[in-house]
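What follows is the residue order along each chain.
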Amino acid sequence: MAGADGDDSLYPIAVLIDELRNEDVQLRLNSIKKLSTIALALGVERTRTELLPFLTDTIYDEDEVLLALAEQLGNFTMLPPLESLATVEETVVRDKAVESLRKISQEHSPVDLEVHFEPLVKRLASGDWFTSRTSACGLFSVCYPRVSSTVKAEIRQHFRTLCSDDTPMVRRAAASKLGEFAKVLELDYVKSDIISLFTALASDEQDSVRLLAVEACVSIATLLPQEDLETLVMPTLRQAAEDKSWRVRYMVADKFSEKAVGPEITKNDLVPAFQNLLKDCEAEVRAAAANKVKEFCENLPEDNREQIIMTHILPCVKELVSDTNQHVKSALASVIMGLSTILGKDNTIEHLLPLFLAQLKDECPEVRLNIISNLDCVNEVIGIRQLSQSLLPAIVELAEDAKWRVRLAIIEYMPLLAGQLGVEFFDEKLNTLCMAWLIDHVYAIREAATCNLMKLVEKFGAEWAQNTIVPKVLGMANDPNYLHRMTTLFCINALSEACGQDITTKQMLPVVLKMSNDQVANVRFNVAKSLQKIGPVLDSNALQTEVKPVLEKLATDTDMDVKYFAQEAISDVKLRSTNQSSAQDRPPLAALQNKVF
């Protein structure tokens, strides 16, 4: 019996081994995902003595399997297999192994961290292959805060060594973790160690290393006292802003608004540097800087913010409005409207409004769309009517653009514009445009236009719909083009609930019933679907006396699809009628409460 028990206890590990050695990758993946169950079955001791060595010895597999293994091992305190996975060639596997190791480190006590985890980090940091050294860079910051002073000194030394490694990939990894490591160091060591490493990495021969050092600058700047920024950080930042590589300058532009360096440094250094980035010879850099214009201006010192913007930033912005690159103009258009809230009404009307109008007339549709989608910013400051005369031609042009996706995008903004313009202005200028979209040759446009009408009715009310929209929609029921007749049905489906029972029964229902005699089968089966859709809005009398006879007639149609949808609608109407009858026959709640059972 004891022997049988022993065999049973070996079964889980035997299954795991068999599946891990199977040729089918999916079976191996399934086995990896069962590690928690296997370990539970084996117990702590056998997991340590049998499962752990086996996993460590089998770190030679497809990347997909290794990635799953690295993720699963994060649920165990199994350092050896994760150490092996942190040295493999595939980057995603290494990154997942490092992620699991970082997770496991939080479960170690300070003593265990020094005895087991920190030696692992040292082995990785001094490994022969660059893969292990890159992985080590991501582990220094998680163990540094909880180890002794002696071990901390060793960790700092290892990090310094990796920052000057011969392999660019290792220096890149160190640069990417520089800011994270700086946050856990004592301030004195930030000044003595990190700043020198930052300066060296920011001057690296590889631009991929330099741009990551610039990214770390954001974290370092937040750690230092204001008086140290000028001497320790700004020289390197100035150098990066004028770097020969556009990728480095791009990173400076992208991170610019995040640098809290104080009013004096901002005025004397950052503003001129930002101006240069806005005028950069590379379009990618100009686009990144343009995208940060609003953020940068918001972070300027309040006491002289307006003067700095008007004197230094706005002239550059005016040049970008007519930039030769459409990505630059599009990036600027997405944020320029936000300057109106910073500069106020007078400056907006005098200086910004001409720029908005120029962009509304830009040949690039994306630029015009970005302006229209941010109109609410200007509306808060100067009111939308001041823009209306120049805005409408741009809207009409977009609405008739040859690219249907551009037309679709402007439809999505129409409810927003309608709310800003008001019902009278909308009826006068834009109503005809909205109705024209209903007969567009692209179905996606007709569908979006139908949804647009529903949103407009929700915004302006049923009475407006009855007087303005419904007559025009119902008029399309006589259109020679069957697609347009079908659009009438789609509109009725969308508008019935918003318009209410009275309008639906008296105005819409007769048109739908009349269309049941249409010569085109597609229209007839959509009549059946429409009657089913608007049924909940109608009263039971209309359902029984008007809807049901038409559906029964359609159920005998020669077209199979018409018959099918008519029968579906009849079943739905019958069910609804039964529910209504049951509700009417049910005694009042008060009578039930008074009845003695």
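Residues numbered from 1 in each chain as written. Predicted model: local features only at pLDDT ≥ 70, side-chain atom pairs only at ≥ 80, totals over all residues. Heavy atoms only, no water.

**What about the overall build of the protein chain?**
Link 1 in the chain: Tallying secondary structure elements over the protein chain gives 37 helices and 0 strands in all.
Link 2 in the chain: Long-range pairs, those at least 24 residues apart, make up 67% of the contacts in the protein chain with a sequence separation of at least 6.
Link 3 in the chain: With the model as given, the accessible surface of the protein chain reaches about 28,200 Å², and the carbon-plus-sulfur share is 50%. (Helix = DSSP H or I, 4+ residues; strand = E, 2+ residues; numbered from the N terminus. Contact = heavy atoms within 4.5 Å. Areas by Shrake-Rupley, 256 points an atom, 1.4 Å probe, with all protein chains shown as cover.)

**Topic: the packing of helix H10 (residues 149–163) against helix H13 (residues 187–202)**
Relative placement of two packed helices is described by the angle separating their axes and the distance separating the axes.
Link 1 in the chain: Across the interface, H10 lies against H13 with an axial gap of 10 Å and an inter-helix angle of 15 degrees. Viewed along their axes, H10 and H13 adopt a mutual orientation that is roughly parallel. Considering the relative orientation of H10 and H13, their crossing is left-handed. On H13, the residues that touch Arg156, Phe159, Arg160 and Cys163 of H10 are Tyr189, Asp193, Leu197 and Leu201.
Link 2 in the chain: Residues belonging to the contact of H10 with H13 are distributed by class as follows: 5 nonpolar, no polar and 3 charged. (Axes fitted to C-alpha atoms, helices over the stretch in contact; angles between N-to-C directions. Parallel < 35°, antiparallel > 145°, perpendicular 65-115°, else oblique. Left-handed = near helix turned anticlockwise from the far one by under 90°. Nonpolar A, V, L, I, M, F, W, Y, C, P; charged D, E, K, R; others polar.)

**Considerations on the side chain of glutamate 83**
Link 1 in the chain: The topology assignment puts glutamate 83 in helix H5 (residues 79–85).
Link 2 in the chain: At 2.8 Å, the side chain of glutamate 83 forms a polar contact with the side chain of arginine 123.
Link 3 in the chain: Ignoring anything within four residues of it in the chain, the contact list for glutamate 83 reads Leu120, Arg123 and Leu124. (Polar contact = N/O pair within 3.5 Å; in protein donor to acceptor, adjacent residues only side chain to side chain.)

**A word on the nonpolar core**
Link 1 in the chain: Val293, Ile336, Trp437 and Leu531 are the most contacted members of the largest nonpolar core, which totals 193 residues.
Link 2 in the chain: Two domains share this core, each providing at least three of its residues, namely domain 1 (283–399) and domain 2 (476–577).
Link 3 in the chain: Ignoring anything within four residues of it in the chain, the contact list for valine 293 reads Phe274, Leu278, Ile313, Val317, Leu332, Val335 and Leu339. (Core = buried A, V, L, I, M, F, W, Y, C linked by side-chain atoms within 4.5 Å. Buried < 20%, exposed > 50% of the residue type's maximum accessible area, 1.4 Å probe, protein only. Domains from an automatic or database assignment.)

**Overview of the environment of leucine 178**
Link 1 in the chain: Tracing the sequence through the fold places leucine 178 in helix H12 (residues 178–184).
Link 2 in the chain: Spatially, the C-alpha atoms of leucine 178 and phenylalanine 159 are 9.1 Å apart, while their sequence positions differ by 19 residues.

**Brief notes about the environment of leucine 360**
Link 1 in the chain: Within the element layout of this structure, leucine 360 appears in helix H23 (residues 339–360).
Link 2 in the chain: A sequence separation of 32 residues divides leucine 360 from leucine 392, and the C-alpha atoms of the two residues are 9.5 Å apart.

**As for the confidence of the model for the protein chain**
Link 1 in the chain: The predicted model of the protein chain averages 81 in pLDDT, with 86% of residues at 70 or higher.
Link 2 in the chain: Taken as a whole, residues 1–6 scores under 50 in pLDDT and shows 0 contacts with residues more than four places along the chain or in a different chain.
Link 3 in the chain: Confidence drops under a pLDDT of 50 for residues 589–597, and excluding neighbours within four residues, the segment shows 2 contacts in the predicted structure. (pLDDT = per-residue confidence, 0-100.)

**Observations regarding the packing of aromatic side chains**
Link 1 in the chain: In this structure the tally under the stated criterion is 11 aromatic pairs.
Link 2 in the chain: Aromatic pair phenylalanine 140 and phenylalanine 159: ring centres 5.7 Å apart, planes at 90 degrees, arrangement edge-to-face. A residue pair is termed long-range when its members are at least 10 positions apart, and phenylalanine 140 in helix H9 (residues 140–143) and phenylalanine 159 in helix H10 qualify at 19 residues. Per residue, the accessibility class of phenylalanine 140 equals that of phenylalanine 159, and both read buried.
Link 3 in the chain: An aromatic cluster is defined as three or more aromatic residues linked by ring pairs; in this entry it consists of Phe140, Tyr144, Phe159 and Phe181.
Link 4 in the chain: Positioned above the aromatic ring of tyrosine 189 is the side chain of arginine 156, whose terminal nitrogen or guanidinium carbon lies 3.5 Å from the ring centre.
Link 5 in the chain: Directly above the ring of phenylalanine 565 sits lysine 529, whose terminal nitrogen or CZ lies 5.0 Å from the centroid. (Phe/Tyr/Trp six-rings, centres within 6.5 Å; stacked < 30°, edge-to-face > 60°. Lys NZ or Arg CZ within 6 Å of the ring centre and 35° of its normal.)

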